[in-house]
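So you can see what is in the structure, the chains are spelled out below.
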Amino acid sequence: MALAAKLQLRQSQSLVMTPQLMQSIRLLQLTHVELEHFIDDEIERNPLLERAEPQDDAASDQAQKTEAEPPVEGDWFEAETAWSAEAISDKLDSSLENLFPDDPGTSERLGPDLTAQWKSATGNGSTASSDGFDVGDMAAAAITLRQHVGEQVALAFADPAARLIAGELADGLDEAGYLRADLAEIAKRLGADQAMVAKVLTVCQTFEPVGLFARNLAECLSLQLAVRDRLDPAMKTLVANLELLGRRDFQTLKRLCGVDEEDLLDMLAEIRALDPRPGMAFSGGTSDAIVADVEVRAANDGSWTVELNAETLPRVLVDHIYFAQVSPQAKNQVEKDFLAECLQNANWLTRSLDQRAKTILKVASEIVRQQDAFLVHGVRHLRPLNLRTVADAIGMHESTVSRVTANKYMLTPRGVFELRYFFTASIAASGGGDAHSSEAVRDRIKQLIDEEKPADVLSDDAIVDMLKESGVDIARRTVAKYREGMNIPSSVQRRREKRALASAGR
């Protein structure tokens, strides 16, 4: 068979995602904090973008802005949008002061000619304000565990060798304050005697807060009990048998410790008052408060008002006046292409942010519509819901709904919930009625266990029978899984604990 080269025409279809489309999809799943960081990076790279501050609202009255149309109101609720022309718009303002920082990166991007034009228009590009003052700049940084221990090491050891060993021990602390380093390895690495390392460790274990440098939970509790002068033989035995305490085997503990039930309960109360993770007070980080992306309020007509939280919406403006001023000054094609790309990216970003706000509002509104009974009556009335149901109702793809609900929170009259909280598995009804939400069944199991009496502790089989009587068709292994997920011990362990508390009159 002869081989020959020839040309052929072929038509085919393929789905091609542009970089901007991929970026738009990525914006959907960003949290509020991540979105702020992303916009800050875009503003730093793009001289046509700026963040609209609250004080700019008065000046923006003269600006020409575009406002997206709000979603159509449903027949049962009122959807109010917090995004507006003030939040996402294009700015055509005559003021060019404080547009962007005077950094070398701007000169490199614009070139020498455009940089001179920009500095002339903005007053040499100066954006610093001598009147600016931020109280947060004066706040002291949080002290880390390593710093806290280091200060005590400097005061506790005068010998340089002992101080060096203490520093190595401090480096072996985890975030909970436990020593995870091996003493023999430290002694070998430093060329010190292991007895010397153990002696230094004994001193370190007296540091505040008490319990630091413990090598396990039992030693951590023992150190704290010793300071309180409560480490008697009975308490030592109890601390040495924490696994029995975890199993609620109070009969064995009473026999080993040689105490009665009342004394054992007093000892348990002392154990609960101790700190099992003393180093967590110096974690070195701060916990950020959850800021809801969507707010739900009851309307006067009995429906629900759904709106976006203005605090989580970025305020980004595009300055077309500046673009019109500097574009004629471009001396070569490179500068023209740079400005055109900046304008295109700036317009794309504002449109993407606007679309992101609309999508979040649309998904949240449908969730509120589906879970109306939960908002009115509580968790027992939470309906089974999946992503496909919401996606079909609003005409979007399931993956889009998944991205929107990731790390987004809703403020309701019943508290703040992650959007994905409302998506729960379905548990069939025993009588062929409406299915039950798994979250509602968990709450029902917890209530049954909380209401049980010491003489009648419910087994998993008994809970299954009671749920079936109330119309929930559930398997025993599912009850056990839900119970363990809520950190509720088994019926045997609960019976031991409840009987011990009842016999002590507590």
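Re the overall build of the protein chain
Stage number 1. A count of helices and strands for the protein chain gives 21 helices and nine strands.
Stage number 2. Taken across its 506 residues, the protein chain has 40% of its residues classed as buried.
Stage number 3. Taking all contacts inside the protein chain whose residues are at least 6 apart in sequence as the whole, residues at least 24 apart take part in 66%.
Stage number 4. Entry remark: accessible area of the protein chain is about 28400 Å², with carbon and sulfur atoms responsible for 49%.

Topic: the packing of aromatic side chains
Stage number 1. The full count for this structure, using the stated rule, is seven aromatic pairs.
Stage number 2. When the ring of Phe 374 is compared with that of Phe 422, the centres are 5.6 Å apart and the planes differ by 80°; the resulting orientation is edge-to-face. In this pair, Phe 374 is assigned in helix α15 (residues 372–377) and Phe 422 in the loop between β7 (415–418) and β8 (426–427), connecting sequence segments 48 residues apart.
Stage number 3. For Phe 374, a relative accessible area of 2% corresponds to the buried category.
Stage number 4. Three or more aromatic residues joined by ring pairs make a cluster, and in this case those are Phe 374, Phe 417, Tyr 421 and Phe 422.
Stage number 5. In this arrangement the basic side chain of Arg 442 is found over the ring face of Tyr 482, its NZ or CZ atom lying 4.2 Å from the centre.

Re empty space enclosed by the protein
Stage number 1. Counted under the stated rule, the structure contains two cavities of 30 Å³ or more.
Stage number 2. The computed volume of the largest cavity comes to approximately 50 Å³.
Stage number 3. In terms of lining residues, the largest cavity is bounded by Asp 293, Leu 308, Thr 312, Leu 313, Arg 356, Ala 357 and Ile 360.
Stage number 4. For the lining of the largest cavity, the element with the most residues is helix α14 (residues 333–370), which contributes three residues.
Stage number 5. Within the lining of the largest cavity, the residues separate by chemical class into four nonpolar, one polar and two charged.

Overview of the pairing of strand β3 (residues 294–298)
Stage number 1. Note: β3 against strand β4 (residues 304–308), five bridges, orientation antiparallel. Looking at the pairing, Val 296 lines up with Val 306 of β4.
Stage number 2. Taking the residues between adjacent antiparallel strands as the criterion, β3 and β4 are bridged by five residues, where Gly 302 takes a positive phi near 90°.
Stage number 3. With two bridges joining them, β3 and strand β6 (residues 409–412) adopt parallel strand pairing. Its bridge partner being in β6, Val 294 is matched across the sheet by Met 410.

Regarding a nonpolar patch on the surface
Stage number 1. The grouping of Ile 290, Leu 411 and Val 416 at the surface amounts to a nonpolar patch, some 240 Å² of accessible area in total.
Stage number 2. In this structure, Val 416 sits in strand β7.
Stage number 3. A relative accessible area of 41% places Val 416 in the partly exposed class.

A word on the pattern of salt bridges
Stage number 1. Under the definition given, this model contains 23 salt bridges.
Stage number 2. A salt bridge links Lys 358 to Asp 354; its shortest N-O distance comes to 3.6 Å. Note that Lys 358 and Asp 354 are positioned in helix α14 at a spacing of four residues, about one turn of the helix.
Stage number 3. Residue classification places Asp 354 among the buried positions, given a relative accessible area of 14%.
Stage number 4. Between Glu 452 and Arg 494 there is a salt bridge, and its shortest N-O distance comes to 2.7 Å. In this pair, Glu 452 is assigned in the loop between α18 (438–450) and α19 (460–469) and Arg 494 in helix α21 (residues 491–503), connecting sequence segments 42 residues apart. The two residues Glu 452 and Arg 494 agree in class, both being buried.
Stage number 5. Each of the salt bridges in this network shares a partner with another, and the network as a whole consists of Asp 460, Asp 461, Arg 476 and Arg 483.

Considering the pairing of β6
Regular strands show a simple pattern: their side chains alternate between the two faces of the sheet.
Stage number 1. Only one face of β6 is covered, namely the face carrying Met 410 and Thr 412; the face carrying Tyr 409 and Leu 411 is uncovered.
Stage number 2. Where β6 and β7 come together, four bridges link them in antiparallel fashion. Following the sheet pairing, Met 410 is matched in β7 by Phe 417.
Stage number 3. Joining the antiparallel neighbours β6 and β7 is a turn of two residues.

A closer look at helix α12 (residues 261–272)
Stage number 1. Taking 1.5 Å of rise per residue, twelve residues should cover 16 Å, and α12 covers 16 Å from first to last C-alpha, within 8% of that figure.
Stage number 2. Of the positions making up α12, those classed as buried are Leu 264, Leu 265, Met 267, Leu 268 and Ile 271. Viewed end-on, α12 has its buried residues packed into an arc of 160°, placing them on one side of the element.

With respect to the environment of Val 318
Stage number 1. Tracing the backbone through its elements, the reader meets Val 318 in strand β5 (residues 316–318).
Stage number 2. For Val 318, a relative accessible area of 0% translates into the label buried.
Stage number 3. Along the primary structure Val 318 and Arg 51 are separated by 267 residues, whereas in three dimensions their C-alpha atoms are 8.9 Å apart.

A look at the side chain of Glu 219
Stage number 1. Along the chain, the position of Glu 219 falls in helix α8 (residues 217–227).
Stage number 2. Residue Glu 219 is classed as buried on the basis of its relative accessible area, which comes to 17%.
Stage number 3. Dropping the residues within four chain positions of it, Glu 219 is found in contact with Gln 205 and Ala 214.

With respect to unusual backbone geometry
Stage number 1. Backbone torsion omega between Glu 208 and Pro 209 reads -10°, so that peptide bond is classified as cis.
Stage number 2. The residue Asp 229 is not glycine, and still its phi comes out positive at about 60°.
Stage number 3. Checked against the element boundaries, Asp 229 lands in the loop between α8 and α9 (233–240).
Stage number 4. Residue Asp 229 is classed as exposed on the basis of its relative accessible area of 69%.

A closer look at the environment of Lys 453
Stage number 1. Among the secondary structure elements, Lys 453 is positioned in the loop between α18 and α19.
Stage number 2. Assessed through its relative accessible area of 60%, Lys 453 is described here as exposed.

With respect to the packing of α14 against helix α16 (residues 387–394)
Stage number 1. Two elements in contact, α14 and α16, have axes separated by 10 Å at closest approach and are oriented at 115°. On the basis of their axis angle, the class for α14 and α16 is roughly perpendicular. Between α14 and α16 the crossing geometry is right-handed. Contacts from Lys 362, Val 363, Glu 366 and Gln 370 of α14 reach α16 at Thr 389, Val 390, Ala 393 and Ile 394.
Stage number 2. A class-by-class count of the residues in the contact of α14 with α16 yields four nonpolar, two polar and two charged.

Procedures and definitions
- Sequence order as written defines residue numbering, which begins from 1 separately in each chain.
- In keeping with the model being predicted, local features are shown solely for residues with a pLDDT of at least 70 and side-chain atom pairs are shown and tallied solely at 80 or more, while totals for entire chains, interfaces and linings include all residues.
- The side-chain numbers reported here are obtained from all heavy atoms of the structure, hydrogens and water having been left aside.
- Counting from the N terminus, the helices are the DSSP runs of H or I reaching at least four residues and the strands are the DSSP runs of E reaching at least two.
- Each residue gets one of three labels from its accessible area relative to the maximum for its type: buried under 20%, exposed over 50%, partly exposed in between, using a 1.4 Å probe on protein chains only.
- By the convention used here, residues are in contact when the closest approach between their heavy atoms is within 4.5 Å.
- Note on areas: Shrake-Rupley with a 1.4 Å probe; residue coverage comes only from the protein chains shown.
- Working definition: a ring pair exists when centres of Phe, Tyr or Trp rings (six-membered ring for Trp) sit within 6.5 Å. Plane angles under 30 degrees give stacked, over 60 give edge-to-face, the rest tilted.
- A ring has a charge above it when a Lys NZ or an Arg CZ is no more than 6 Å from the ring centre and no more than 35 degrees off the ring normal.
- Cavity means a closed set of points on a 1 Å grid over the protein atoms alone, one where a 1.4 Å probe fits but cannot get out, pocket means an open set with protein on both sides within 12 Å along at least 5 of 7 lines, and lining means a residue has an atom within 4 Å of a point.
- Grid points are joined across faces, edges and corners, and a volume is the space filled by probe spheres set on the points.
- When residue character is reported, Ala, Val, Leu, Ile, Met, Phe, Trp, Tyr, Cys and Pro are called nonpolar, Asp, Glu, Lys and Arg charged, and the others, Gly included, polar.
- Should DSSP find at least two bridges between two strands, the strands are regarded as paired.
- Residues enter a patch when their relative accessible area is above 30% and they make no salt bridge; the linking distance is 9 Å between like charges and 5 Å between nonpolar side chains (Val, Leu, Ile, Met, Phe, Trp, Tyr).
- Here a salt bridge means any side-chain nitrogen of Lys or Arg lying within 4 Å of a carboxyl oxygen belonging to Asp or Glu.
- In this analysis, the expected span of each helix is defined as 1.5 Å times one less than the number of residues it contains.
- Summarising the geometry, the arc corresponds to the directions from the helix axis toward the C-beta atoms.
- Inter-axis angles, ranging from 0 to 180 degrees, are taken between N-to-C directions of lines fitted to C-alpha atoms, where helices are fitted over the stretch in contact.
- Any angle from 65 to 115 degrees is called roughly perpendicular, while one under 35 is roughly parallel, one over 145 is roughly antiparallel, and all others are oblique.
- When the near helix sits turned anticlockwise from the far one by under a right angle, the crossing is termed left-handed; a clockwise turn instead gives a right-handed crossing.

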